[in-house]
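Here is what each chain is made of, one letter per residue.
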Amino acid sequence: MRQVVISGTGVFTPDEIITNEELVAAFNKYVDQQNELHADAIAAGEREPLEYSNEEFIYKASGILQRYVMDKSGVLDPNQMYPSLRQRDDDEPGIMAEMAIKAASEALKSAGKTPDQVQAVICAASNHERAYPAIAIEIQDALGIDGFGFDMNVACSSATFGIQAASDMIRSGSADCILIVNPEICSGHLEWRDRDCHFIFGDVCTAIVLETQETATSDNQFEILSTRCLTQFSNNIRNNNGFLRRSRPSGTDDRRDMQFMQNGRLVFKQVVPIVSDMVIQHCQDEGIDPTSLRRMWLHQANKSMNDFIGRKVLGRVPEPQEQPNILQDYANTSSAGSIIAFSQNNQDMAADDLGIICSFGAGYSVGNVIVRKTA
Ligand code: CO8
């Protein structure tokens, strides 16, 4: 069986930052406007007034301090509350491809690979900006990669499921080297007018190069020892937007369910035990003592969630470097979160050190990738 390694990663970070302070100020302005607009209905008891958001709550509930976004002005405009992204011509790069090309160039450089050495592109993300042609094929064309490309979506677990798909393809010989990209424009489908979730997401793109151990020349390689994926249907994280929208009654209305919706408390309660048990069982099945994991690069949705999982798996409170969080800077970037954590926190690993990349989220979906540092 061919051995597969992660030989390079890249992160494209947008230029614009929204701090919690800016976010809350804009949201509270929106609340004042709405409550003024509906003052009569509120006074008549026909409508509940909207409540203010606040920075202390956001940090305490999530561990998030700021988020990067592709457009800040639209999100912070109380008359808009969503990003303004330019309509591009069909013959110029799409926004997701543009982000992905930047992250991919960094990943290819760190792997020491040129596009002619890559045979496939997987664009694994929570949302794709159009139905077709696939974003992956656009990226493949822009980078000058021969072979094939396809898009896939398993929400927050898109990157880890993509790693499993790519490593299985490399093991079986369908390709020697595969580029995975995770462009996540979460600001496009976050409901910025909902105080329960307006602070959760940010934008980013990550890229990963996977190849056979034989061809890898990078000085920072991680052998993929084992992958495991699990899905379990749940409506607790849901977005009803889709291509049948205009065919449904009131399909073109500004409906709440056409953006991200979640029952956050329930997600927290149900997902934490599934993930901790799966990480422990997966390690045991591979003959690995979970407490010997040097690092856990977990999905970045919520700091307390990660603290729980880390404690359960290691049997003690993890040291910060054992379970790095990037949530405070990036917020939840869906499938890209665990890959940012991996990319920014693996250089100090010594040969034979073990780690796990682990994602979890909508579906529900959980994806594990157990790695061993080699070169
Ligand atoms: N400011 C002030 N108060 C607030 C705010 C706010 N912004 N929001 C809520 N409150 C209030 C509530 O009204 C409530 O008040 P009361 O107690 O009087 O009813 C109180 O604060 C507590 O509210 P919650 O119970 O909602 O607060 P929690 O402590 O549960 O924290 C979280 C909320 C942070 C959402 C938390 O539940 C959480 O993180 N859960 C896990 C969520 C999770 O992991 N989700 C997965 C995300 S899905 C994903 O990662 C990818 C999906 C696909 C991509 C989608 C891209 C857009």
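About the thresholds
Every chain is numbered independently, its residues counted from 1 as its sequence is written. Local features in this predicted model are restricted to residues of pLDDT 70 or higher, and side-chain atom pairs are both shown and tallied only at a pLDDT of 80 or more, whereas totals for entire chains, interfaces and linings draw on every residue. Heavy atoms throughout the structure, all of them, feed into the side-chain values; hydrogens and water do not. In this description a helix means any DSSP run of H or I spanning at least four residues, a strand means any run of E spanning at least two, and both kinds are numbered starting from the N terminus. The contact rule is simple, with two residues in contact once any of their heavy atoms fall within 4.5 Å. A pocket here means an open set of points on a 1 Å grid, computed over the protein atoms alone, that has protein on both sides within 12 Å along at least five of seven lines. A cavity is instead a set of points where a 1.4 Å probe fits but cannot get out; residues with an atom within 4 Å of a point line either one. Grid points are joined across faces, edges and corners, and a volume is the space filled by probe spheres set on the points. Just so you know the grouping, Ala, Val, Leu, Ile, Met, Phe, Trp, Tyr, Cys and Pro go in nonpolar, Asp, Glu, Lys and Arg go in charged, and all remaining residues, Gly too, go in polar. We define a salt bridge as a contact between a side-chain nitrogen of Lys or Arg and a carboxyl oxygen of Asp or Glu at a distance within 4 Å. A simple rule labels every residue: compare its accessible area, found with a 1.4 Å probe on the protein chains alone, to the largest value its type can have, and call it buried under 20%, exposed over 50%, or partly exposed in between. In this scheme Phe, Tyr and Trp rings, the latter by its six-membered ring, pair at centre separations within 6.5 Å, and the angle between planes marks the pair as stacked below 30 degrees, edge-to-face above 60, and tilted otherwise.

Before going further, it helps to spend a moment on the environment of Ala 175. The residue Ala 175 is located in the loop between helix 7 (158-172) and strand 6 (177-185) in this model. Counting along the chain gives 77 residues from Ala 175 to Thr 252, while the straight-line C-alpha distance between them is 43 Å. Residues contacting Ala 175, with those up to four places away along its chain left out, are Arg 2, Gln 119, Met 169 and Ile 170.

Put simply, the second largest pocket is a space of about 150 Å³. Put simply, the parts of the chain that give the lining of the second largest pocket at least two residues each are strand 1 (4-12), helix 5 (95-111) and helix 11 (337-344). Of the residues assigned to the lining of the second largest pocket, the class counts are 3 nonpolar, 9 polar and 1 charged.

This part takes up the pattern of salt bridges. Scanning all chains against the criterion turns up 20 salt bridges. One salt bridge connects Arg 86 with Glu 92, and the closest N-O pair in it is separated by 3.1 Å. For Arg 86, a relative accessible area of 54% puts it in the exposed group. For Glu 92, a relative accessible area of 25% translates into the label partly exposed. Ionic pairing is found between Arg 88 and Glu 98, a salt bridge with its closest N-O pair at 3.0 Å.

Considering all chains together, one arrives at 1 cavity of 30 Å³ or more under this definition. Considering only enclosed or pocket space, the largest cavity measures out at about 30 Å³ in volume. Looking at the lining of the largest cavity residue by residue, the class counts come to 3 nonpolar, 3 polar and 2 charged.

Further remarks concern the packing of aromatic side chains. Given two aromatic rings, their pairing is described by the distance between the two centres and the angle made by the two planes. By the definition in use, this model includes 9 aromatic pairs. Taking the centre distance of 6.1 Å and the plane angle of 80° together, the rings of Phe 57 and Phe 199 count as edge-to-face. Of the two residues, Phe 57 is situated in helix 3 (residues 55-62) and Phe 199 in the loop between strand 6 and strand 7 (203-212); the sequence distance between them amounts to 142 residues. Judged by its relative accessible area of 49%, Phe 57 falls in the partly exposed class. A residue is classified by how much of its surface remains accessible, and Phe 199, at 6% relative accessible area, is buried. Centre to centre, the rings of Phe 222 and Trp 297 are 6.2 Å apart; their planes meet at 85°, and the pair counts as edge-to-face. Here Phe 222 is found in strand 8 (residues 222-231), whereas its partner Trp 297 is found in strand 11 (residues 295-298), with 75 residues between them in sequence. The burial state of Phe 222 is the same as that of Trp 297; both residues are buried. Ring-pair connections join several aromatic residues into one group, and the members of that group are Phe 222, Trp 297 and Phe 342.

Honestly, that's just the spatial picture; any functional story needs more than this.
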